[in-house]
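# Tertiary structure, described
Each chain, written out:
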Amino acid sequence: MVLPNKDVPFTGPSGITLHRFTPHKSASALTAKFRDGRIGLPADLRGGFASDGFQEIQPWLQEHCQPRRRPVRSSYMGDLYTCPRKFMWRVRYGLKVRGWMDPALHTGTFFHEMLRAVLTGSTIAEATSECDHLCQQCCSQLEAECDRNGMLPSGKPLEDSRQKCVNASALAKMMFELSVHPFLFSKMMEPYEVLTVEAPIEVKYRGIWAPIRCKPDALLMHRETGDVLVVNHKTTGERNTSTVCRSYPWALQPQLEHLCVRTVFPDAPNFRYLHNIMRKCSLRYPSKNSPTWEAYLENARAWYLKEGERDPANQPMLQSLFLLPSHPMTAELHVQLYEASRACYCDSIDTAKYPKNAASCFAFHKPCPFLSLCESTPGLWPRIIEERFEQVFREDEEDEAAADAPESEA
Ligand code: SF4
């Protein structure tokens, strides 16, 4: 039997053509060499396992990209469950693609920034101008990262990313203007006073190696009863908002926030959790139907009303309030935290401890930011990391912001 030429698409008797896909060429050539033992440790020194070459670049990583011990956070645990290798890159090495623009992430950041501003005493107009300022900052950062061909290290054109940033800011401002009154100034909120706004809380829990850290959007206290209310805002593209609310009480974020807040306020009689969800509207500004900001607000208002009527069970603006249990730690959570703290705190890092999960590489139809590293062999990582990534540790930014904040906010 004659096998078809491997470089030419093969058409069988059915008439359907079989096309071929070659993964990252240089990477697959190097991988073959590692597999054959031509690069890396000889097999007898590796205990019979094929080396992926990670040990060989350890000295470079130690010198140029030192990993850190990190506290346990719900988002880090989310990364660990989604893909341990992503956890290794993002959490332990603190890697972030320079000039990475994710519209979904930026919309949420802008929206939270405005809510934070209003809760710390700014007017609505001041809050929206803070959003404009933040958007300008993001655009300037993108410009600083782009090369002379107008391309960002993420491989995206600058203009495209800048436009997405501006769109995300317009969307966030509209969502904020339509939701700020129902979310923050409703009758339910009147008896509460604001204790903290986006203040990080870090606690140690017995049996858990690493500290546990969270940053609730706001903590409020009932003026008469002393009950504590943990507030969390979410912007989502998900249509089924009620299903998001349904499983949220046992999500890691409220559980960890509960654990931290109860440690800080041990005498509060009750703890409640307020989860505010706002669906992202599909209308954009400016557009043919929304040439002015007023027209955009009006059209968006009509969109939210129509979506609510179309599917009354899944309102696009939804608030859920639930009482937190009297003891925050369950056996299930303890096991999860124990495992996560080992992953966050262990001293030696090895790819074998943080395996890849191929099922997550294109989650939500978007490529993972670490794809360029995962599809290459470790021998290529120093060049890729230098060209595309920077090291950012979220706790450094939070501690810096907390140190700059006025004392009443901390
Ligand atoms: S590219 Fe895939 S395997 Fe690599 S970190 Fe991302 S999700 Fe994990």
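To start, this report covers the structure provided alongside it. Worth saying up front: this structure is predicted, and the values here are computed from it rather than measured. (Residues numbered from 1 in each chain as written. Predicted model: local features only at pLDDT ≥ 70, side-chain atom pairs only at ≥ 80, totals over all residues.)

### Concerning the sheet that holds strand β4 (residues 192-197)
Rules: Any two strands with at least two DSSP-identified bridges between them are counted as paired. Strands are runs of DSSP state E lasting at least two residues, helices are runs of H or I lasting at least four, and both sets are numbered from the N terminus onward. The convention used is that axes are lines fitted to C-alpha atoms, helices contributing only their stretch in contact, and that angles between N-to-C directions extend from 0 to 180 degrees. Residue pairs are scored as contacts if the distance between their C-beta atoms, which are placed from the backbone, is within 7 Å.
Pairing in this open sheet of five strands is mixed, and the strands run β4-β7-β8-β9-β10 from one edge to the other. A single partner strand is all that each edge strand has here, and the edge strands are β4 and β10 (317-323). Adjacent strand axes in the sheet meet at a mean angle of 25° when their direction is disregarded. Bridge analysis of strand β8 (residues 228-236) against strand β9 (residues 271-279) gives nine bridges, and the strand direction is parallel. Its bridge partner lying in β9, L229 is registered against R272. The strands touched by helix α5 (residues 103-119) within the sheet are β4, β7 (218-222) and β8, with β8 carrying the most contacts at an inclination of about 145°.

### What about the nonpolar core?
This is how it is decided: For this entry, the nonpolar core is defined as buried Ala, Val, Leu, Ile, Met, Phe, Trp, Tyr and Cys residues connected by C-beta atoms within 7 Å. To assign burial, the other C-beta atoms lying within 10 Å of each residue's own C-beta are counted, with C-beta atoms placed from the backbone; 20 or more indicates buried, 12 or fewer indicates exposed, and intermediate counts indicate partly exposed.
Membership of the largest hydrophobic core comes to 42 residues, with the highest contact counts inside it found for V72, Y76, F87, I212, V230, A340 and C344. Mapped onto this core, the elements with two or more residues apiece are α3 (74-82), α4 (84-92), β6 (212-214), β7, β8, α9 (252-264), β9 and α11 (331-345). The dominant element in this core, judged by the number of residues it contributes, is α9, at five residues. Membership of the second largest hydrophobic core comes to 27 residues, among which are L115, C165, A172 and Y285.

### Some remarks on the site of the ligand
Basically, it comes down to this: To decide whether a residue is near a molecule or strand, its C-beta atom is placed from the backbone and checked for lying within 6 Å of it.
Near the ligand lie 13 residues; those nearest to it are C83, K356, C361, C368 and C374. The set of elements that each furnish at least two residues to the shell around the ligand consists of α4 and α12 (371-374). Counting residues per element, the shell around the ligand draws most heavily on α4, at three residues.

### Looking at α9
Note the following rule: What a helix should span is 1.5 Å times the count of its residues minus one.
Counted at 1.5 Å a residue, the expected span for α9 with its 13 residues is 18 Å, and the 19 Å between its end C-alpha atoms agrees. Counting buried positions over the 13 residues of α9 gives 10, a clear majority of the element. When α9 is considered as a whole, its buried residues turn out to be L252, Q253, P254, Q255, L256, E257, H258, L259, C260 and V261.

### Some thoughts on the packing of α3 against α11
Heads up, the rule is: Reported orientations rely on four angle classes, namely roughly parallel under 35 degrees, roughly antiparallel over 145, roughly perpendicular from 65 to 115, and oblique for the rest. By the convention adopted, Pro, Cys, Tyr, Trp, Phe, Met, Ile, Leu, Val and Ala count as nonpolar, Lys, Arg, Asp and Glu as charged, and the other residues, Gly among them, as polar.
For the pair α3 and α11, interaxial distance at closest approach is 10 Å and the crossing angle is 85°. If you check the angle between α3 and α11, you find them roughly perpendicular. From α3, Y76, M77 and L80 reach across to α11, where they touch Q336, A340, A343 and C344. Class assignment of the residues belonging to the contact of α3 with α11 gives a composition of six nonpolar, one polar and no charged.

### With respect to α11
The criterion, for reference: What the arc measures is the spread of directions leading from the helix axis to the C-beta atoms.
With 15 residues, α11 should reach 21 Å at 1.5 Å per residue; the first-to-last C-alpha distance of 21 Å fits that figure. The set of residues buried in α11 consists of L337, A340, S341, A343 and C344. Down the axis of α11, the buried side of the element spans an arc of 160°, and every buried residue falls inside it. More than 90 degrees from the buried face of α11, the exposed residues found are A331 and V335. Where α11 is buried, its residues contact α3, α4 and β6.

### A few points about unusual backbone geometry
Apart from glycine, the bulk of residues carry a negative phi angle, and the bulk of peptide bonds sit in the trans form. The amide bond that connects Y285 to the next residue, P286, takes the cis arrangement and shows omega of -10°. Following the sequence through the fold, P286 ends up in the loop between β9 and α10 (293-310). In the Ramachandran plot, E198 falls in the positive-phi region, its phi being about 50° despite a non-glycine side chain. Relative to the helices and strands, E198 is located in the loop between β4 and β5 (201-203). For E198, a count of 20 C-beta atoms within 10 Å gives the class buried. Phi is positive for F364, close to 55°, though the residue is something other than glycine. Its location among the elements puts F364 in the loop between α11 and α12.

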